[in-house]
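Observations on the three-dimensional arrangement
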Amino acid sequence: MADEKLAQALAALSISPTTISHEPTTSPAQWKEVISANADAPKDFELIKTLVYKPKTAKTATPVPVVVIAREATETNSGAIGKQLNLKELRLAAPELLQEFFGLDKDSLSPFAIDQTSFGKVVTVIDPSIADSTSTFAIHASSSSSTVFISGKDIASHLKSLETDATKLQELAAPGEAAAAPAPAAKALAKEKEDAKIEGAVQIAIGVKKEVDFAAWYTNVLIKADMLDYYSVSGCYILKPWSYSIWEEIQAWFNTEIKKLGVQNSYFPMFISHSVLEREKDHIEGFSPEVAWVTRAVVRWEFKNPQPFLRTREFLWQEGHTAFLTKEEADQEVRQILDLYRQVYEDLLAVPVIPGVKSEKEKFAGGLYTTTLEGFISTSGRGIQAATSHCLGQNFSRPEMFNIFVEDPNDGSKSYVWQNSWGLSTRAIGVMVMVHGDNQGLVLPPRVASVQAIVVPCGITAKTTDEQRKKINDSCEGLAQTLRDKGIRAKADLREGYTPGYKFNDWEQKGVPLRLEIGPNDLAKNQTLTVRRDTGAKKPVSLDNIEQTISDLLSTIQSDMFNTAKTNYWSRVKPITEWNDVVPALDGKNIIAIPWCETEACEDDIKDRSGRAAEPQDERAPSAGAKSLCIPFDQSHWPAIEPGKTKCTGCGKDAKRWTLFGRSY
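Here, residues in each chain are numbered from 1, in the same order as that chain's written sequence. Selection of residues for local features in this predicted model requires a pLDDT of at least 70, selection of side-chain atom pairs for listing and counting requires 80 or more, and totals for whole chains, interfaces and linings are taken over all residues. Each side-chain value is worked out from all heavy atoms of the structure, with water and hydrogens disregarded.

A separate point is the side chain of Thr-25. With respect to the helices and strands, Thr-25 occurs in the loop between β1 (19-21) and α2 (28-36). Exposed residues in this analysis have more than 50% of their type's maximum accessible area, buried residues have under 20%, and partly exposed residues fall in between, with area computed by a 1.4 Å probe over protein chains only. Residue class for Thr-25 comes out buried when judged on its relative accessible area of 2%. Filtering out sequence-adjacent residues up to four positions away, Thr-25 remains in contact with Gln-30, Trp-31, Val-34, Asp-107, His-140 and Ser-144. Helical segments are the DSSP runs of H or I of at least four residues, strand segments are the runs of E of at least two, and each set is numbered from the N terminus. It only takes one pair of heavy atoms within 4.5 Å for two residues to be counted as in contact.

Next comes the structure, spelled out in structure tokens:
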């Protein structure tokens, strides 16, 4: 039945497009991969995604599904679409609903699954840039194992032909655009999307420029690097091995280090009682828990604007809680842990951070003080809190809270403990992606890459004999094994049916730090060609002592990535002493260092006044005004504060220390 619908629709358009068969696919990445490997497929193409949502519907009412047809790189936020259509709680439709309305599963849907009968029973929304694009689009041919290649104009023509006086085709609004926006806005969106595209990068590359459409770029990098999959619950994501292995590297290193300090690991239940939570809420001014309330196995969880790794409903979290007899001991550990977190970012992830202390307003509610690492995303010009280490003082150990005390070994008196709390989450992975990634995709630092070196056979043609092919492949596997024997995480890509060019793009997209190419000429010269992911630099090296050569090169890549990122970070930290320079510096995608009086009233005023800027705001980066990021421990980057002479940039009162302010995630 579905095949008949497709055939009739194509016949109505008087076209006979290219159709290919392939193995069944269950994800966009897999679909694109099998298409690209098919000799009959066009060289350049884009995927079309057909998403079906079910809005919140009364139990006795018949649901009216929302069908969204968009280019793969187009952002399709269910909340924004629901707002545009004035519908509540859009959720991806269940398989039963897809069968009921279209007779297909999610991996077989296409715009041509909609016919004259179903069009009036659904709300159909199309990405307006499809019709104007010159790209060739791939759509499912009513099957997960068959693909049709068609123009955007023909897709739009088919859907337009289904319109009636009662039911019209809707256009997908740009993020933040009003539902009733005029047609020129849609045209502008189409133009913007075209500008963001990377010319010639439509097969397995990212396809969107980082500097033009950062949000779409970030999502594409994560999906196409096979780091995560979306889940049926908004804000929850499946961490795939390519990303989870990074977290494992962080865990392993950090676990070893904290055990040197005498820290022991424990596991606590994820649920706490209402009374315990309220005890903290009632006793600590400013503490506002954001929690999931579980009643009768139903979860009520307020949550908006998810962004993978940065703002998610669930995340992996390393959290420490320690107790000490004296404040001096607690102070010492706070800084020890913060420095371990610094090493995670700078030594493992090659991401520069600035250590400092939070303002009284920004510290952990109820704590004595909070130390922090502040990162920076230069593409968006926003700071991001990377990790925190808090000294809670005795606030939580006193009788009115949790009554935690010990006997003083010196005089036997009761002493309430000094507590610390510190934490690091998978947010670190998102920061790493944003800092290092480029328009080709992910760029991984060697220390956390699950594959540090990929060996690719080259120079194999139709004229290559089986014996020659085996010799090249065996040499590649032999090189990979030699490197593995020396502790280097290496792999040989011996997949059949894929060209070297395809493999190059595939591994570049996944961010593998180093590619090693071996072909007939390389074997004759006893060499391999090295290609760095971070710079693209190519260099032939001898296979003699190759283990040491590659080990040294990986160390160089790690160091160069950190130094490049550090130089970029500090070039965006602007010292500002006059208020008139504050907003222009922020609008230039910088963070600012100002002499500051450290009063809360001034901090609030700075945030309010600096928010009155002309730049469009991304709701996923909610701080439009500049807030205090940290008071850096190292004040030597700026002129010394002169008591009574150096004035606060915000209010003109006496300044105490240089402080970083910025828009932030």
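To continue, consider the nonpolar core. Met-227, Ile-246, Tyr-345, Leu-349 and Met-432 are the most contacted members of the largest nonpolar core, which totals 58 residues. Non-local contacts of Met-227, meaning those with residues more than four positions away in its chain, are made with Leu-222, Ile-238, Leu-239, Lys-240, Trp-242, Ser-243, Ile-246, Ile-429, Val-433 and Leu-442. Ranked by size, the runner-up nonpolar core spans 32 residues in total, among them Leu-13, Leu-104, Ala-113 and Ile-126. The definition of a nonpolar core used throughout is a set of buried Ala, Val, Leu, Ile, Met, Phe, Trp, Tyr and Cys residues joined through side-chain atoms within 4.5 Å.

The strand order β21-β20-β22-β23-β24 describes an open sheet built from five strands, whose pairing is mixed. Two strands in the sheet have a free side with no partner beyond their single neighbour: β21 (490-492) and β24 (538-542). Put simply, the sheet's adjacent strands are angled 25° from each other on average, direction ignored. Across the sheet, helix α15 (residues 500-509) lies against β20 (453-457), β21 and β22 (514-518), angled at about 170° from β20, the strand it touches most. Two strands qualify as a pair provided that DSSP identifies no fewer than 2 bridges between them. Only the stretch in contact is used when fitting a helix axis, every axis being a line fitted to C-alpha atoms; angles between N-to-C directions are given from 0 to 180 degrees.

Another aspect to go through is empty space enclosed by the protein. Where empty space is left becomes clear once a probe the size of a water molecule has been rolled over the atoms. The definitions used throughout rest on a 1 Å grid laid over the protein atoms alone, on which a cavity is an enclosed set of points accommodating a 1.4 Å probe that cannot get out and a pocket is an open set flanked by protein within 12 Å on both sides along at least five of seven lines; lining residues are those having an atom within 4 Å of a point. Grid points are joined across faces, edges and corners, and a volume is the space filled by probe spheres set on the points. One pass over the full model with this rule turns up two cavities of 30 Å³ or more. Considered as a void within the structure, the second largest cavity measures approximately 60 Å³ in volume. In terms of lining residues, the second largest cavity is bounded by Val-351, Pro-352, Phe-376, Ser-378, Val-435, Ala-565, Asn-568 and Tyr-569. The element best represented in the lining of the second largest cavity is helix α17 (residues 546-571), accounting for three residues.

To continue, consider the confidence of the model for the protein chain. Detailed reading of the predicted coordinates is not advisable wherever pLDDT is low. Note on scores: pLDDT gives the predictor's confidence for each residue, bounded by 0 and 100. For the protein chain, per-residue confidence averages 87 on the pLDDT scale, and 89% of positions sit at 70 or higher. Confidence drops under a pLDDT of 50 for residues 613-623, and excluding neighbours within four residues, the segment shows 27 contacts in the predicted structure.

Let us now look at helix α9 (residues 214-224). The element α9 is extensively covered by neighbouring structure, given that ten of its eleven residues are classed as buried. Buried within α9 are the following residues: Phe-214, Ala-215, Ala-216, Trp-217, Tyr-218, Asn-220, Val-221, Leu-222, Ile-223 and Lys-224. On its buried face, α9 sits against α2, β9 (228-230), β15 (369-377), α13 (427-436) and α15. One or two residues past the end of α9 sits Asp-226, with phi positive at roughly 60°.

Before going further, it helps to examine the pairing of strand β6 (residues 136-140). Here β6 lies mainly inside the structure; four of its five residues are buried. Pairing between strand β2 (residues 46-54) and β6: two bridges, direction parallel. Bridge pairing in β6 links Leu-47 to Ala-138. Where β6 folds back on strand β7 (residues 146-151), the antiparallel hairpin that results is connected by five residues, among which Ser-142 adopts a positive phi of roughly 60°.

A few words now on the packing of helix α14 (residues 466-485) against α17. Interhelical geometry of α14 versus α17 gives an angle of 70° and a closest axis separation of 9 Å. On the basis of the axis angle, α14 is roughly perpendicular to α17. Of the residues in α17, those in contact with Leu-479, Thr-482 and Leu-483 of α14 are Ile-546, Glu-547 and Ile-550. Under the scheme applied here, ten amino acids are nonpolar (Ala, Val, Leu, Ile, Met, Phe, Trp, Tyr, Cys and Pro), four are charged (Asp, Glu, Lys and Arg), and all others, including Gly, are polar. Residue composition of the contact of α14 with α17, grouped by class: four nonpolar, one polar and one charged. Reported orientations rely on four angle classes, namely roughly parallel under 35 degrees, roughly antiparallel over 145, roughly perpendicular from 65 to 115, and oblique for the rest.

In this scheme Phe, Tyr and Trp rings, the latter by its six-membered ring, pair at centre separations within 6.5 Å, and the angle between planes marks the pair as stacked below 30 degrees, edge-to-face above 60, and tilted otherwise. Overall, the coordinates contain 16 aromatic pairs when judged by the stated rule. A centroid spacing of 6.3 Å and a plane angle of 80° characterise the contact between Phe-405 and Tyr-416, whose relative ring orientation is edge-to-face. Taken together, the positions of Phe-405 in strand β17 (residues 405-407) and Tyr-416 in strand β18 (residues 414-416) put the pair eleven residues apart, joining distant regions of the chain. With a centroid separation of 5.9 Å and 20° between ring planes, the pair formed by Trp-638 and Trp-658 is classed as stacked. Residue Trp-638 is located in the loop between β27 (623-632) and β28 (657-664), and its partner Trp-658 is located in strand β28; the two are separated by 20 residues in the primary sequence. The pair Trp-638 / Trp-658 is uniform in exposure class, with both members buried. A network of ring pairs unites the aromatic residues Phe-376, Tyr-569, Trp-570, Trp-638 and Trp-658 as a single cluster. Criterion for a charge above a ring: Lys NZ or Arg CZ within 6 Å of the ring centre, and within 35 degrees of the ring normal. When the ring centre of Trp-507 is taken as reference, the NZ or CZ atom of Lys-510 above it lies at 5.1 Å.

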